[in-house]
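Reading the structure
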Amino acid sequence: MLKGNAIIGQSGGPTSVINASLAGIINAVKQLDGIEKILGMRFGIEGFMTESIIDLGKESAETIEGLKGTPSSTLGSCRHKLTRTDLPKILDTLKKYNIHYIFLIGGNDTMDTISRIELYAKEQNYDLTGIGVPKTVDNDLFGTDHTPGFPSAARYIALSVMQAGILARDMQKVDQFVVFQAIGRDAGWLTAASATGKQTLADAPHILCLPERAFEKEKFLKDVKRCYDEFGFVSVVCGEGI
């Protein structure tokens with residue numbers, strides 16, 4: 001095993017799951033003899049390029065354990081889209097801190113970032129192992145059954161749609177239409193999950209608009225009218241890509 005330091009970063013949307021993954025990586029890396037220091041990048045790869053780096057190895061076991069229930073992104077996150085011009089600076093910083101292992105926790109863009117950094121390092125004959133740690137509420141990472149972050153988000157959306165549906169049912173003389181937008185530009189997992197609390201046809205949601213299916217305005221309006229005539233109110237859940 002190549003000797004050197006490891007660094008961990010977080011990217012994308014904040015969630016307590018991303019901190020639980022951070023704790024898991026730290027605890028696992030401590031068991032490896034080849035890794036000398038465990039570093040953390042503040043605000044993802046964007047912070048790494050400005051050398052905003054901390055020593056995670058100095059944190060107590062109690063602090064690391066506490067990460068598992070800590071909300072948001074402890075290291076700080078970013079949504080920086082990596083460019084070709086970023087790569088030389090990243091490689092110089094990897095060399096400066098003797099980093100040969102890089103972990104990035106996040107979704108699609110994060111996996112793309114880790115892949116491009118590792119490939120560039122190999123092109124430059126620098127030994128680097130890149131590990132992408134999946135975390136995305138969208139549940140759209142290739143090769144995964146479900147990703148950390150999705151189940152809790154799915155439960156939250158299902159409960160929110162149920163509660164909004166009950167309100168709309170009882171207030172249908174005032175507000176007849178409820179539209180709930182779920183995140184997921186191209187993946188409808190969260191949109192579909194909104195229906196998991198349904199027990200009867202009258203329960204919300206009534207209409208799901210999934211990014212994977214073409215949106216047909218005329219059909220949608222017919223479905224809205226049908227649900228309105230039948231239930232007295234209409235609950236629609238759509239993916240953000242619609």
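Residues numbered from 1 in each chain as written. Predicted model: local features only at pLDDT ≥ 70, side-chain atom pairs only at ≥ 80, totals over all residues. Heavy atoms only, no water.

**Regarding helix 8 (residues 217-231)**
Operational definition: Elements are defined by DSSP. Helices are runs of H or I of four residues or more, strands are runs of E of two residues or more, and each kind is numbered from the N terminus. To estimate how far a helix should extend, the number of its residues minus one is multiplied by 1.5 Å. The cut-offs for exposure are 20% and 50% of the maximum accessible area for each residue type, with area from a 1.4 Å probe on protein chains only; residues under the lower value are buried, those over the upper are exposed, and the others partly exposed. Here the arc refers to the directions that run from the helix axis out to each C-beta atom. In this description, contact between two residues means that some pair of their heavy atoms is separated by no more than 4.5 Å.
Between its first and last C-alpha atoms helix 8 spans 21 Å; for 15 residues at 1.5 Å apiece the expected length is 21 Å, and the two agree. For helix 8, the set of buried residues is F220, D223, V224, C227 and F231. Taken around the axis of helix 8, the buried residues stretch over an arc of 105 degrees, which confines them to a single face. Away from the buried face of helix 8 by more than 90 degrees, exposed residues E218, K222, K225 and D229 are located. Looking at the packing, one finds that the buried side of helix 8 touches strand 6 (177-182), strand 7 (207-209) and strand 8 (234-239). Once helix 8 ends, the next one or two residues include G232, with phi positive near 85 degrees.

**Some points on the sheet that holds strand 8**
Going by this rule: By definition, two strands form a pair when at least two bridges between them are found by DSSP. Structural elements are reduced to axes, namely lines fitted to C-alpha atoms, with helices fitted over the stretch in contact, and the angle between N-to-C directions of any two is expressed from 0 to 180 degrees.
Reading across the sheet, the three strands line up as 6-8-7 and stay open at both edges, with parallel pairing between neighbours. Each of the sheet's edge strands pairs with one partner strand only, and the pair in question is strand 6 and strand 7. When strand polarity is set aside, the average angle formed by the axes of neighbouring strands in this sheet is 15 degrees. As paired strands, strand 7 and strand 8 are joined by three bridges and run parallel to one another.

**Considerations on the packing of aromatic side chains**
For the record, the criterion: Between rings of Phe, Tyr and Trp, where Trp is taken as its six-membered ring, a pair exists when centres lie within 6.5 Å; planes separated by under 30 degrees are stacked, by over 60 edge-to-face, and by other angles tilted.
Tallied over the entire structure, the rule returns three aromatic pairs. With a centroid separation of 5.2 Å and 50 degrees between ring planes, the pair formed by F215 and F220 is classed as tilted.

**Re the layout of surface pockets**
Spelled out, the test is: Only protein atoms enter the 1 Å grid used here, on which a cavity is any set of points holding a 1.4 Å probe that cannot leave and a pocket is any open set flanked by protein within 12 Å on both sides along at least five of seven lines; residues with an atom within 4 Å of a point are listed as lining. Grid points are joined across faces, edges and corners, and a volume is the space filled by probe spheres set on the points. Each residue is assigned to one class: nonpolar for Ala, Val, Leu, Ile, Met, Phe, Trp, Tyr, Cys and Pro, charged for Asp, Glu, Lys and Arg, and polar for all the others, Gly among them.
The computed volume of the largest pocket comes to approximately 570 Å³. As for the largest pocket, its lining consists of 28 residues, of which G12, G13, R79, T136 and D138 are closest to the centre. Listing elements by their share of the lining of the largest pocket, those giving two or more residues are strand 4 (99-106) and helix 5 (108-123). With four residues, helix 5 is the largest single contributor of residues to the lining of the largest pocket. Looking at side-chain class alone, the lining of the largest pocket contains seven nonpolar, twelve polar and nine charged residues. Empty space within the second largest pocket amounts to approximately 360 Å³. Together, 16 residues line the second largest pocket, and I207, L208, C209, K219 and D223 are the ones closest to its centre.

**Points about the packing of helix 4 (residues 86-96) against helix 5**
As a reminder, the rule being used: Roughly parallel means an angle under 35 degrees; roughly antiparallel means over 145; roughly perpendicular covers 65 to 115; every other angle is labelled oblique.
Viewed as axis vectors pointing N to C, helix 4 and helix 5 meet at an angle of 75 degrees, and their least axial separation amounts to 10 Å. Put simply, helix 4 runs roughly perpendicular to helix 5. Counting all contacts with helix 4, which are made through L87, P88, I90, L91 and L94, the residues of helix 5 involved are R116, I117, Y120 and A121. Along the lines of polarity and charge, the residues of the contact of helix 4 with helix 5 split into eight nonpolar, no polar and one charged.

**Here we look at the pairing of strand 1 (residues 4-10)**
So the rule is basically this: For a crossover, the right-handed case is the one in which the path from the first strand over the helix to the second runs clockwise, viewed with the strands pointing away from the viewer.
Where burial is concerned, most of strand 1 is hidden: seven out of the seven residues are buried. Two elements, strand 1 and strand 2 (residues 35-41), share four bridges in a ladder whose sense is parallel. When the bridges of strand 2 are listed, G4 appears paired with I35. Between the parallel elements strand 1 and strand 2, the chain passes through helix 1 (residues 16-29) in a crossover that is right-handed.

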